[in-house]
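Letter by letter, the chains look like this.
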Amino acid sequence: MSVIVVEFTTLDGVVEDPDGSGGTAFGGWAFRHGPEAVAGDKFRLGALLDTGVLLFGRTTWELFAKLWPGRSGEFPDRLNAAAKLVASRTLHDVSAWQNSVLLQGDLAEAIAREERDVVVIGSVGIAQELARHDLVDEYRLLVFPSVAGTGRRLFGDPADFSLVSTTRVGPAILSTYRTR
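Residues numbered from 1 in each chain as written. Predicted model: local features only at pLDDT ≥ 70, side-chain atom pairs only at ≥ 80, totals over all residues. Heavy atoms only, no water.

Asks: Explanation requested: the overall build of the chain in the structure shown.
Replies: Within the chain one finds five helices and eight strands. For 180 residues, the compact-globule estimate of 2.2 N^0.38 gives 16 Å, and the C-alpha radius of gyration of the chain, at 15 Å, lies within 12% of that figure. C-alpha atoms of the chain, sized along the principal axes, occupy 35 × 35 × 30 Å. The proportion of buried residues among the 180 residues of the chain is 47%. Sequence-distant contacts in the chain: of pairs separated by 6 or more residues, those separated by 24 or more amount to 68%. Counting only carbon and sulfur atoms, one obtains 50% of the accessible surface of the chain, whose full area is about 9200 Å². Across the chain, the mean location of the 18 positive side-chain charges is 3 Å away from that of the 23 negative side-chain charges. (Helix = DSSP H or I, 4+ residues; strand = E, 2+ residues; numbered from the N terminus. Rg over C-alpha atoms; globule rule 2.2 N^0.38 Å. Buried < 20%, exposed > 50% of the residue type's maximum accessible area, 1.4 Å probe, protein only. Contact = heavy atoms within 4.5 Å. Areas by Shrake-Rupley, 256 points an atom, 1.4 Å probe, with all protein chains shown as cover. Lys, Arg positive; Asp, Glu negative; His and termini not counted. Charge placed at Lys NZ, Arg CZ, Asp CG, Glu CD.)

Asks: Help me understand the pairing of strand β7 (residues 162-169), please; the structure alone is not making it clear to me.
Replies: Side-chain direction in a regular strand flips from residue to residue, so the side chains alternate between the two faces of the sheet. Where β7 and strand β8 (residues 172-178) come together, seven bridges link them in antiparallel fashion. Bridge pairing links Ser165 to Thr176 in β8. In this structure, the hairpin formed by β7 and β8 is closed by a connection of two residues, where Gly170 is found at a positive phi of approximately 65°. (Pairing = 2+ DSSP bridges.)

Asks: How do you make sense of the packing of aromatic side chains when you look at a structure like this?
Replies: Centre distance and the angle of the planes are the two values used to describe a pair of aromatic rings. By the definition in use, this model includes twelve aromatic pairs. Judged by centre distance (5.9 Å) and plane angle (65°), the ring pair of Trp29 and Phe144 falls under edge-to-face. Placement of Trp29 in the loop between β1 (3-10) and α1 (48-51) and of Phe144 in strand β6 (residues 138-144) is noted, with a sequence separation of 115 residues between them. The pair Trp29 / Phe144 is uniform in exposure class, with both members buried. Put simply, the rings of Phe56, Phe64, Trp68, Phe75 and Trp97 touch in pairs and so form one group of aromatic residues. Sitting above the plane of the Trp97 ring, Lys84 keeps its charged end 4.6 Å from the centroid. (Phe/Tyr/Trp six-rings, centres within 6.5 Å; stacked < 30°, edge-to-face > 60°. Lys NZ or Arg CZ within 6 Å of the ring centre and 35° of its normal.)

Asks: What should I look at first to understand unusual backbone geometry in this one?
Replies: Trans is the prevailing form of peptide bonds, just as negative phi is the prevailing case for residues other than glycine. Despite not being glycine, Arg44 shows a phi value in the positive range, around 55°. Arg44 sits in the partly exposed class, given a relative accessible area of 48%. Residue Asp134 is not a glycine yet carries a positive backbone phi of 55°. Position of Asp134 relative to the elements: it lies in the loop between α5 (124-132) and β6.

Asks: Is there a simple way to explain the side chain of Thr176 in this structure?
Replies: By secondary structure assignment, the location of Thr176 is in strand β8. Since its relative accessible area comes to 7%, Thr176 is described here as buried. In this view, Thr176 contacts Glu138, Tyr139, Arg140, Ser162, Leu163, Val164 and Ser165; residues no more than four positions away in its chain are not counted.

Asks: Would you explain the environment of Gly122 in this entry?
Replies: Note on placement: Gly122 falls in the loop between β5 (118-121) and α5. C-alpha separation for the pair Gly122 and Asp17, spaced 105 residues apart in sequence, amounts to 9.7 Å.

Asks: Quick question: what am I supposed to make of the pairing of β8 here?
Replies: With six bridges joining them, β6 and β8 adopt antiparallel strand pairing. Residue pairing in the sheet places Tyr139 in a bridge with Tyr177 of β8.

Asks: What is the right way to look at the environment of Ala65 in this model?
Replies: Counting through the fold element by element, Ala65 comes out in helix α2 (residues 58-67). Between the C-alpha atom of Ala65 and that of Asn80, which follows or precedes it by 15 residues, the distance is 9.3 Å. Once residues within four sequence positions are removed from consideration, Ala65 is found in contact with Ala96 and Trp97.

Asks: Just checking my understanding: could you explain the pattern of salt bridges for this structure?
Replies: Working definition: two side chains of opposite charge can pair if their charged atoms are close together. Tallied over the entire structure, the rule returns seven salt bridges. We note a salt bridge from Glu138 to Arg140, for which the minimum N-O separation is 2.6 Å. Note on Arg140: relative accessible area 13%, which makes it buried. As a salt-bridge pair, Glu138 and Arg178 come within 2.8 Å of each other at their nearest N and O atoms. Pair noted here: Glu138 is in strand β6 and Arg178 is in strand β8, with a separation of 40 residues, a long-range link. The exposure class assigned to Glu138 is buried, which follows from its relative accessible area of 5%. (Salt bridge = Lys/Arg side-chain N within 4 Å of Asp/Glu carboxyl O.)

Below, the structure written as structure tokens:
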């Protein structure tokens, strides 16, 4: 089992509000490069959508649950069909998006027990919590040629990673890093 964190990020490391839905002054930076820049399986999840489980925090899940169920096509169909865990202390109903289940108990303990590969999409707080428990195996960062200047970043302290690959994906670069 591996835990893979996938994030859109700016050149200066900001991961907050890539689509502008958060209403921040700097938000929307990923979508300034056109819808193709974020469409499809940019993180190369492939079979992980069929065999793994997607992990979302409440805010990201609520956003995705509004957008994705109404979409169809190769990638949306696979994303909609994928198993989903939702980590939330306030949500009680996750029926708005098929195959969603509320995560029960402590986040780190539940993920450490998980037998499937876990893909954390967005959900920066979830990713940071799992990293604090040394549970993240890989980061797949889609780095956009934008500088936000301010906003929440995925990494606070200096961290050491091994670069596995980089691939141009439209205007962005997909960089994959391993933590171990």
